Amino acid sequence: MPESSSTTMASFFSFAYAPAPEGTSMFDELPKATIVSVSRPDAGDISPLLLTYTFLFRYKQFKWHLVKKAPHVFYLHFVLKKRLLFEEIHEKQEQVKEWLQNLGIGDNAPVVQDEDEPDDDPVLLHHEESVRNRDVPSSAALGVIRPVLVRQSSIADRAKVAMQEYLNHFLGNLEIVNCREVCKFLEVSTLSFSPEYGPKLKEDYVMVKHLPKIVKDDDSRICCACNWFDCCNDNWQKVWAVLKPGFLALLGDPFDTKPLDIIVFDVLPPSDGNGEGRVSLAVEVKERNPLRHAFKVTCGNRSIRLRTKSGAKVKDWVAAINDAGLRRPEGWCHPHRFGSFAPPRGLTEDGSQAQWFVDGMAAFDAIASSIENAKSEIFICGWWLCPELYLRRPFHAHASSRLDALVEAKAKQGVQIYILLYKEVALALKINSIYSKKRFLKIHENVRVLRYPDHFSSGVYLWSHHEKLVIVDHHICFIGGLDLCFGRYDSPEHKIDDKPPLIWPGKDYYNPRESEPNSWEETMKDELDRGKYPRMPWHDVHCALWGPPCRDVARHFVQRWNYAKRNKAPYEEAIPLLIPRQHMVIPHYLGRSQEILESVSMAFEDNAKNMKRQSSFSSRSSFQDIPLLMPQEAEELSGSHGSPKSVWLDTTTRKSVSFSFQKSKIEPFVADTPLKGFVDDLDALYLHKKPSELKTQLTTDTEWWETQEWDNQVSLVEENGSIGPRASCRCQIIRSVSQWSAGTSQVEESIHCAYCSLIEKAEHFIYIENQFFISGLTGDEVIRNRVLEALYQRIMQAYNDNKCFRVIVVIPLLPGFQGGIDDSGAASVRAIMHWQYRTICRGQHSILHNLHELLGHKAHDYISFYGLRAYGKLFDDGPVATSQVYVHSKIMIIDDSAALIGSANINDRSLLGSRDSEIGVLIEDKELVDSCMGGKPWKAGRFALSLRLSLWSEHLGIRQGEVNQIVDPISDSTHRDIWVATAKMNTTIYQDVFSCVPNDHIHSRSTFRQTIASLKEKLSHNTIDLGIAPKKLETHQNGEVKQTDTMDRLKSVRGHLVYFPLNFMCKEDLRPVYKESEYYASPQVFH
């Protein structure tokens, strides 16, 4: 047979068998199949064509059910037979060709095929005994096609036996199983058996219209009716749909690895606006043409229409998608506690762990180590990202730790790196994200960068993407207040000098109060004169997470990346859509006995009966009222440690887990349950058991955190208390997002709700560090977040109960923006000061004003405000200078038992959800240690207590051996004798030496000008905040002037703690005036 005839024949019959792509196989071991049942539409029907089979397939830990009618099996059988026929014809053709060549007939030379030449023909089998291996059992199929006519009651049984025999034949051959038609019959794809995507749910071909034209070599996008009705000329295309617990992916082909589109499931609106209950994820759509059958999937701001071959398939898809949206434990389509997209993790031993880092030195070193250990992919998201940032110092000894060098090294190793940058309004900010994008894109093709939003097309000018994320291999993630940018690297010492440069090269020697660089391209060139100006020290807190919380943070990144990709680069193949990974210990709430579950439910119900809400943020209680998903049946586990059997991936047998979305009514069985010392969670039952009943290891050494052995995955810096223990915790990811920032269908303000709920449930003590403190009380129509109201209500409750309760707030002394207090270009600085003083102490909306009216001078016993300051010589024999330590951390610690860490400031921008996008984590300790609270024994959390002790040791200058002095945060010996006394002493010394601002002696701008004038007579040079000291201090004693050395006076300073000056500029209206451009900006920009 001529070569051309062979090629023509193969292409003619190519519809019969489409081979799998070379090197791609769905199965690396044989699947198992069992026929669960055989049914007939009518008991009187005996035709085998009317039988319906329910199959149960098993592959590794995966299980899935398929319902197939007999014609589906017959079609598969005939396709396999055709495949065998064409392979045999091809083999005979090759044998004849070789025989003719040996006889000298035909071509003179043997045909030699180049190994590099692409082969477009079907991939055929040529190993020994290939005919036997490829044999499709015709004899086994006879029983299926023509079952023996006997009593009607036994026809189904005989058909079942015959079909089982047939399946055992062709599923016993790995090559046949991996062919395209068998994979289609089994409804499997490249995403089916990837454990990181969760259990196998439903897969099949569907038709879609919203995708750009898919280029294919065949006509597979044409439906079977096109030859007669020409129904697919309206841009409908056939794609393979894959449903997983957290998403619906569309592939061009089951063997494709990259999705054409993906819908990541997210919280749906609570009502469809018609009073018919919660919006459904998928709904059936009525087509005008009765021959067409469609359904619609709506999530976030997206809605796509899909078609199937029949109305029955539409119903199957709608039920499966809606069920996946509520599948436990995640249940991505309804809100969890605080209205968060993510459920609480760590309620059992699911691997949820957390570790804190104080200041940039510790955090950056840990991030660098994790990047160096990356194996597959890295996600980076930031408000500001500097490619030239050194993550380890001294910088000249750690060239490989520069961020662009780390990224380049991993990209060359094949690690995929995705960077998501905030696209700033260039006139307002000088972070130059376009420069960072260009630098990273030049590194390697494995580095992808997106900037968002597009201000003109989106109409978003005022708000920003404020998250700071690094996620490595979905294994470890870092969140908190630290951007990977200049000015953030610092140690607990908080040095203000670096001359000659060893730690902070070029523009990394950063003081935004003095000057913001106009260009970031010459990064190694100094912006400030190091001999005249101090750097502004930077205090921050970051956190590492492992386990399910890490996956939840990665899911947030994927959601934001895909939304930005669709808006910025919808047709760029180099920028792929990302797929969220499922937490793989999926039944992570398993393992508890039914008795414990009943006890937990009773505890919730009892607490709910006693709960009363009075505060102004009670309207949000519906979010917190959402119950935690109840644990699944413990019977589905095996092993003493709750390790799951393979049954956990069965998609049909666990009906208690899978329920109809439309029919479900999520009714809370708890009304924001008040638990002693914690927010509501399933482990509340265990929090206050007797110590003998606790299964956690308790320690009595108050200094245990100082000698903690750190995990080797995060490198250890100096043992100065800046790295916390890697502790097992209960964690919940919370965030602020909305339609503009993440494409969600509704606003999520779970950080705001968590703040209010935590404050309300605090028993003894609240410690807050934040970059801003702008909030409102009930009745405030300008400031909408109610953190301040929660604090006010909790303090009043403690006062009425005559109980000790303390709130300590640490914030920056001045906003970290360029411009002196009296400068004409510093209206933004003054505007932020106005809103903060309005919150703290000035006017009817401030907390101290309202507390003073009721409590008098006792108000300061309940709540007080502080800042941080540092000093040093700018160089040897150089001037002595001071600068505020800029508080950029965003944390709250409650009762040494729970900690909230993230990127969100306390202001409307960060907390309302509709403005800046933010992310954080609520960490509640499971590992308890012996401590004290108010002079009484107290079970503190290992994570929260160690974090507070580290922060307080830094702020107070406490040495490691003295940490026991500050274990009890509310006792007079700690609060009055150490905390308040240190702040008072340090404030007095700094005022005596520097007369620096802000301070309580300057009440107006005119007084400020007089202070500057008087200092100019003594000093030839000063900083913008009057931070240069005279060489000698003059004091008057008994009518004599005595001079003392400046450094001698400053040696009495302990740590960095100072009072926040409540009376600074108290006689001025700090709001912008009409002559200033800020006057015409929306006030929302500043709060």
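Predicted, not measured: the structure shown is a model, and the values here were computed from it. What you see as residue numbers is a count from 1 along each chain, following the sequence as written. Residue-level local features of this predicted model are given only where pLDDT is at least 70; pairs of side-chain atoms are given and counted only at 80 or more, and the full residue set underlies all totals for whole chains, interfaces and linings. Side-chain numbers come from the whole structure's heavy atoms, not from hydrogens or water.

Asker: What is the right way to look at the overall build of the chain in this model?
Answerer: Looking only at helices and strands, one finds 28 helices and 33 strands in the chain. With a 1.4 Å probe rolled over the protein chains alone, any residue whose accessible area is under 20% of its type maximum counts as buried; one over 50% counts as exposed, and the rest are partly exposed. Within the chain, the proportion of its 1087 residues that are buried is 58%. For the chain, the proportion of contacts with a sequence separation of at least 24, taken over those separated by at least 6, is 74%. Using a 1.4 Å probe, the Shrake-Rupley method yields the accessible areas, and only the shown protein chains count as cover for residues. For the chain, the exposed area adds up to about 45,500 Å²; of that, 50% sits on carbon and sulfur atoms. Note on conventions: DSSP H or I runs of at least 4 residues are helices, E runs of at least 2 residues are strands, and numbering of each starts at the N terminus. The contact definition used throughout considers only heavy atoms, calling two residues in contact when any of these lie within 4.5 Å.

Asker: Mind showing me how you'd approach the pattern of salt bridges here?
Answerer: Side chains that differ in charge, positive against negative, can pair when their charged atoms come close. Whenever a carboxyl oxygen of Asp or Glu lies within 4 Å of a side-chain nitrogen of Lys or Arg, that contact is scored as a salt bridge. Throughout the structure, instances matching the rule amount to 50 salt bridges. A salt bridge links Arg-307 to Glu-287, with the nearest nitrogen and oxygen atoms 3.2 Å apart. Of the two residues, Arg-307 is situated in strand β10 (residues 302–308) and Glu-287 in the loop between β8 (282–285) and β9 (293–299); the sequence distance between them amounts to 20 residues. Of the two residues examined, Arg-307 and Glu-287, each falls in the buried class. Across the pair Asp-1048 and Lys-1051 runs a salt bridge whose closest N-O atoms are separated by 3.7 Å. Judged by relative accessible area, which is 62%, Lys-1051 ranks as exposed. Here the salt bridges do not stand alone but share partners, grouping Glu-388, Arg-402, Asp-404 and Arg-439 into one network.

Asker: How should empty space enclosed by the protein be read in this particular structure?
Answerer: Where empty space is left can be seen by rolling a probe of water-molecule size over the atoms. As defined here, a cavity is a set of points on a 1 Å grid over the protein atoms alone where a 1.4 Å probe fits but cannot get out. A pocket is an open set with protein on both sides within 12 Å along at least five of seven lines, and residues line them when an atom is within 4 Å of a point. Grid points are joined across faces, edges and corners, and a volume is the space filled by probe spheres set on the points. Throughout the structure, instances matching the rule amount to 14 cavities of 30 Å³ or more. Each pocket or cavity is described by its volume, and for the second largest cavity that value is around 120 Å³. Surrounding the second largest cavity, 17 residues form its lining, Thr-882, Ser-883, Gln-884, Thr-1023 and Asp-1025 being those nearest its centre. The greatest single-element share of the lining of the second largest cavity, amounting to three residues, is contributed by strand β24 (residues 880–884). Along the lines of polarity and charge, the residues of the lining of the second largest cavity split into seven nonpolar, six polar and four charged. Under the grouping applied here, Gly and all other residues not named as nonpolar or charged are polar, the nonpolar ones being Ala, Val, Leu, Ile, Met, Phe, Trp, Tyr, Cys and Pro and the charged ones Asp, Glu, Lys and Arg.

Asker: Help me understand the sheet that holds β9, please; the structure alone is not making it clear to me.
Answerer: Backbone-to-backbone hydrogen bonds pair the strands of a sheet. The strands run either parallel or antiparallel. The strand order across the open sheet built from seven strands is β7-β6-β5-β4-β10-β9-β8, with neighbouring strands paired in antiparallel fashion. Each of the sheet's edge strands pairs with one partner strand only, and the pair in question is β7 (261–264) and β8. The sheet shows a mean angle of 35 degrees between the axes of neighbouring strands, direction not considered. Note: strand β6 (residues 247–251) against β7, four bridges, orientation antiparallel. Paired with Ala-249 across the strands is Ile-262, a residue of β7. Between any two strands, at least two bridges found by DSSP are needed for them to pair. Axis definition: a line fit to C-alpha positions, over the contact stretch in the case of helices; interaxial angles, taken between N-to-C directions, run 0 to 180 degrees.

Asker: Hey, could you run me through the confidence of the model for the chain in this one?
Answerer: One rule of thumb: low pLDDT means the predicted coordinates there are not for detailed reading. Mean pLDDT over the chain works out to 81, with 76% of the residues at or above the 70 mark. This stretch, residues 1–18, has a pLDDT under 50; its non-local contacts, to residues over four places away or in other chains, come to 19 contacts. The predictor attaches a confidence to each residue, and that confidence, scored 0 to 100, is pLDDT. Note that residues 108–134 has pLDDT below 50 and, in this model, 32 contacts with residues that lie over four places away or in other chains.

Asker: I tried to follow a nonpolar patch on the surface on my own but got confused; where do I start?
Answerer: Each patch is assembled from residues with relative accessible area greater than 30% and no salt bridge, linking like charges that lie within 9 Å and nonpolar side chains (Val, Leu, Ile, Met, Phe, Trp, Tyr) that lie within 5 Å. Judged by side-chain polarity, Val-1073, Tyr-1074, Tyr-1079 and Tyr-1080 come together as a nonpolar surface patch covering roughly 490 Å² of accessible area. Summarising the element assignment, Tyr-1074 is placed in the segment after β33 (1057–1059).

Asker: Could you clarify how one ought to interpret the pairing of strand β15 (residues 469–472) in this entry?
Answerer: Moving residue by residue along a regular strand, the side chains alternate between the two faces of the sheet. Taking every second residue as pointing to the same face, both faces of β15 are buried, with Leu-469 and Ile-471 on one and Val-470 and Val-472 on the other. Bridge count for strand β12 (residues 377–382) against β15 is four bridges, and the pairing is antiparallel. Looking at β15, one finds that Ile-378 is bridged to Val-472. Examined bridge by bridge, β15 and strand β16 (residues 476–480) share four bridges and lie antiparallel to one another. Looking at the pairing, Val-472 lines up with Ile-476 of β16. In this structure, the hairpin formed by β15 and β16 is closed by a connection of three residues, where Asp-473 is found at a positive phi of approximately 55 degrees.

Asker: Before we go on, may I ask you to explain the sheet that holds strand β1 (residues 32–39) in this structure?
Answerer: Spatial ordering of the open sheet is given by β1-β2-β3, a layout of three strands whose pairing is antiparallel. The open sheet has two edge strands, β1 and β3 (62–69), and neither has a second partner. Between one strand axis and the next, the sheet turns by 20 degrees as a mean value, whatever way the strands run. Where strand β2 (residues 52–59) lies against β3, eight bridges are found, and the strand directions are antiparallel. Opposite Phe-57, over in β3, you have Trp-64 as the bridge partner.

Asker: Sorry if this is basic, but what is going on with the packing of helix α10 (residues 360–372) against helix α11 (residues 403–412) here?
Answerer: When two helices pack together, you describe them by how their axes are tilted relative to each other and by the distance separating the axes. It is at 10 Å that the axes of α10 and α11 come closest, and there the two elements cross at 20 degrees. Judged by the inter-axis angle, α10 sits roughly parallel to α11. The handedness of the crossing between α10 and α11 comes out as left-handed. Taking contact as the criterion, the partners of Ala-368, Ile-371 and Glu-372 in α10 are, on α11, Leu-403, Leu-406 and Lys-410. The class makeup of the residues in the contact of α10 with α11 is four nonpolar, no polar and two charged. Note on angle classes: values under 35 degrees are labelled roughly parallel, values over 145 roughly antiparallel, values of 65 to 115 roughly perpendicular, and the remainder oblique. Here is the rule for handedness: rotate from the far helix to the near one, and if that takes an anticlockwise turn smaller than a right angle the crossing is left-handed, while a clockwise turn gives right-handed.

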